[in-house]
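Okay, here's what each chain looks like letter by letter:
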Amino acid sequence: MTTHLRFATQQSSSVAGEYDLLFWILTAICGIVVLGIAAMIAYSALRYRRRSETELPEQIQGGIKLELTWTIVPLILFMGMFAWGARLYFEIETPPANAAEIYVVGKQWMWKLQHLDGAREINELHVPVGRPVKLIMTSQDVIHSFFVPSFRIKQDVLPGRYTTIWFEATRAGEFHLFCAEYCGAKHSGMIGWIHAMEPRNYQEWVERGAAEGSMSSMGEKMFHQFACANCHHFEGPATCPNLRGLYGRQVQLKDGQIITADETYIRESILDPAAKIVAGYDNVMPNFTGQVSEEQLTQLIAFIKAISPPPGGDQPSSTGSRQPSERTNGIGEPGSSSITGSRPGVR
Ligand code: CUA
């Protein structure tokens, strides 16, 4: 580690450069405004001070040009900063469609991470350089916050729902991961490392690790183990909704509400099926609260996503007729993208 003075950690993600540029321009504009106003106060206090007991204050009236200038110039400047900030915010909040998905579970006091191909890590995350990575995160206890200063990303991790963040590492290296939300006695120890690796080295790392099977295959196993398949048939009429093609679809509920089947909805429907009943069905499903861990839930979700086509895709049916795309990884799981999936340029 070098010891020279630094205001921030090195820029190591695709958004870091613009993020810092915006930050310093904001700081510079605000600094100039502060200094300008302070200078005007000092100048006016001297120039227009009362010089004797009998002197009457000088009256200044009008000045439409001046008033328009100090209204319109700051308006343009500050609206410009707002527009730029909003644009960058939406970029940071919107993962690219081809991003590889990694599931994160925060708990007191560690980060548990799982790749779609099944590789699991604790407080460490290996990712390839130059590939967008989307994190789908939840907590099994209190609120945590996933913070990687070098990537300029920070996102709260909440119990009971999923939040996402994405990044693309731009150079190989080890980058600090922090929990940025006070979460109890050992909050300061809830730290780890992101290992950004050249794609070739990353591939070697993947091949060294012995995964117990992809997340979706583990989810599928559980789907049978918990006897979900007895009611949730994939063919023919059933007393429970067909889950094929569920992920990302609009679902009509019994009370008339229409919701999108996202990770949070699927999780809730497993733990507390009565919370949202699908129109045309009755509440016959048992409650799974306390029986499935957060990691098992992410595996079940990965399975349901694997049997759903990507948004905007064709009918939820077999995987054969779909056009090949980056969304389909090497083991034929549509709707989900693994870093290790076959991809041109990476071998
Ligand atoms: Cu987890 Cu602080």
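The model shown is predicted, which means the values in this text are computed figures rather than measured ones.

Conventions adopted
Residues numbered from 1 in each chain as written. Predicted model: local features only at pLDDT ≥ 70, side-chain atom pairs only at ≥ 80, totals over all residues. Helix = DSSP H or I, 4+ residues; strand = E, 2+ residues; numbered from the N terminus. Buried ≥ 20, exposed ≤ 12 C-beta atoms within 10 Å, placed from the backbone. Contact = placed C-beta atoms within 7 Å. Pairing = 2+ DSSP bridges. Axes fitted to C-alpha atoms, helices over the stretch in contact; angles between N-to-C directions. Parallel < 35°, antiparallel > 145°, perpendicular 65-115°, else oblique. Nonpolar A, V, L, I, M, F, W, Y, C, P; charged D, E, K, R; others polar. Left-handed = near helix turned anticlockwise from the far one by under 90°. pLDDT = per-residue confidence, 0-100.

Remarks on the overall build of the chain
Piece 1. Scanning the chain from terminus to terminus reveals 6 helices and 12 strands.
Piece 2. Residue burial in the chain is summarised as follows: out of 347 residues, 28% are buried.
Piece 3. Considering only contacts in the chain between residues 6 or more positions apart, those separated by 24 or more positions represent 65%.

Observations concerning the sheet that holds strand 2 (residues 110–115)
Strand pairs in the sheet, formed through backbone hydrogen bonds, run parallel or antiparallel to each other.
Piece 1. Strand order in the open sheet formed by 5 strands is 3-2-1-5-8, with mixed pairing between adjacent strands. Each having just a single partner strand, strand 3 (120–122) and strand 8 (163–167) make up the two edges of the open sheet. Across this sheet, the average inter-strand angle for adjacent strands is 25°, counted without regard to direction.
Piece 2. One ladder, built from 5 bridges, connects strand 5 (residues 133–139) with strand 8; its direction is antiparallel. Residue pairing for strand 8: Lys-134 is matched across the bridge by Trp-166.
Piece 3. Where helix 6 (residues 294–306) meets the sheet, its contacts fall on strand 1 (100–107), strand 2 and strand 5, and the angle it forms with strand 1 comes to roughly 160°.

Describing the environment of Leu-246
Piece 1. Looking at where Leu-246 falls in the secondary structure, it is placed in the loop between helix 4 (215–225) and strand 11 (250–252).
Piece 2. With 15 residues separating them along the chain, Leu-246 and Ala-261 place their C-alpha atoms 6.5 Å apart.
Piece 3. Discounting residues that sit within four places of it in the chain, Leu-246 has contacts with Ala-261, Ile-304 and Ser-308.

Topic: the packing of helix 4 against helix 6
Piece 1. One way to put it is that helix 4 packs onto helix 6 with a least axis distance of 7 Å and a crossing angle of 100°. Taken together, the axis directions place helix 4 and helix 6 in an arrangement best described as roughly perpendicular. Contacts between helix 4 and helix 6 involve Met-215, Ser-216, Met-218, Gly-219, Glu-220, Met-222 and Phe-223 from the first element and Gln-296, Thr-298, Gln-299, Leu-300, Ala-302, Phe-303 and Ala-306 from the second.
Piece 2. Of the residues assigned to the contact of helix 4 with helix 6, the class counts are 8 nonpolar, 5 polar and 1 charged.

Observations concerning the packing of helix 1 (residues 16–47) against helix 2 (residues 64–93)
Piece 1. Interhelical geometry of helix 1 versus helix 2 gives an angle of 160° and a closest axis separation of 11 Å. With respect to each other, helix 1 and helix 2 are oriented roughly antiparallel. The two elements helix 1 and helix 2 cross, and the hand of that crossing is left-handed. Along its contact with helix 1, which presents Glu-18, Tyr-19, Leu-22, Leu-26 and Ile-29, the element helix 2 presents Leu-77, Met-81, Trp-84, Gly-85 and Leu-88.
Piece 2. In the contact of helix 1 with helix 2, the residues fall into 8 nonpolar, 1 polar and 1 charged.

Thoughts on the sheet that holds strand 9 (residues 173–179)
Piece 1. Taken together, 5 strands build an open sheet; the order of strands is 4-10-9-6-7 and the sheet is mixed. Bordering the open sheet on either side are strand 4 (124–128) and strand 7 (153–157), each of which pairs with just one other strand. Taken over all neighbouring pairs, the strand axes of this sheet differ in orientation by 20° on average, direction set aside.
Piece 2. Inspection of the sheet shows strand 6 (residues 144–148) paired to strand 7 by 5 bridges, in the antiparallel sense.

Some remarks on the confidence of the model for the chain
Piece 1. Summing up the model confidence of the chain, the mean pLDDT is 82 and the portion of residues at 70 or higher is 86%.
Piece 2. Contacts for the low-pLDDT stretch residues 313–336, under 50 throughout, to residues beyond four places or in other chains number 46 contacts.
Piece 3. Note on residues 341–347: pLDDT is under 50 here. Beyond four places in sequence and across chains, it has 7 contacts.

Section: unusual backbone geometry
Piece 1. In this structure, Trp-109 follows Gln-108 across a cis peptide bond, with omega equal to 0°.
Piece 2. With respect to the helices and strands, the residue Trp-109 is situated in the loop between strand 1 and strand 2.
Piece 3. Even without a glycine there, the phi angle at Asn-123 is positive, about 60°.
Piece 4. The topology assignment puts Asn-123 in the loop between strand 3 and strand 4.
Piece 5. Taking the C-beta count within 10 Å as the criterion, Asn-123 has 15 such neighbours and is therefore assigned partly exposed.

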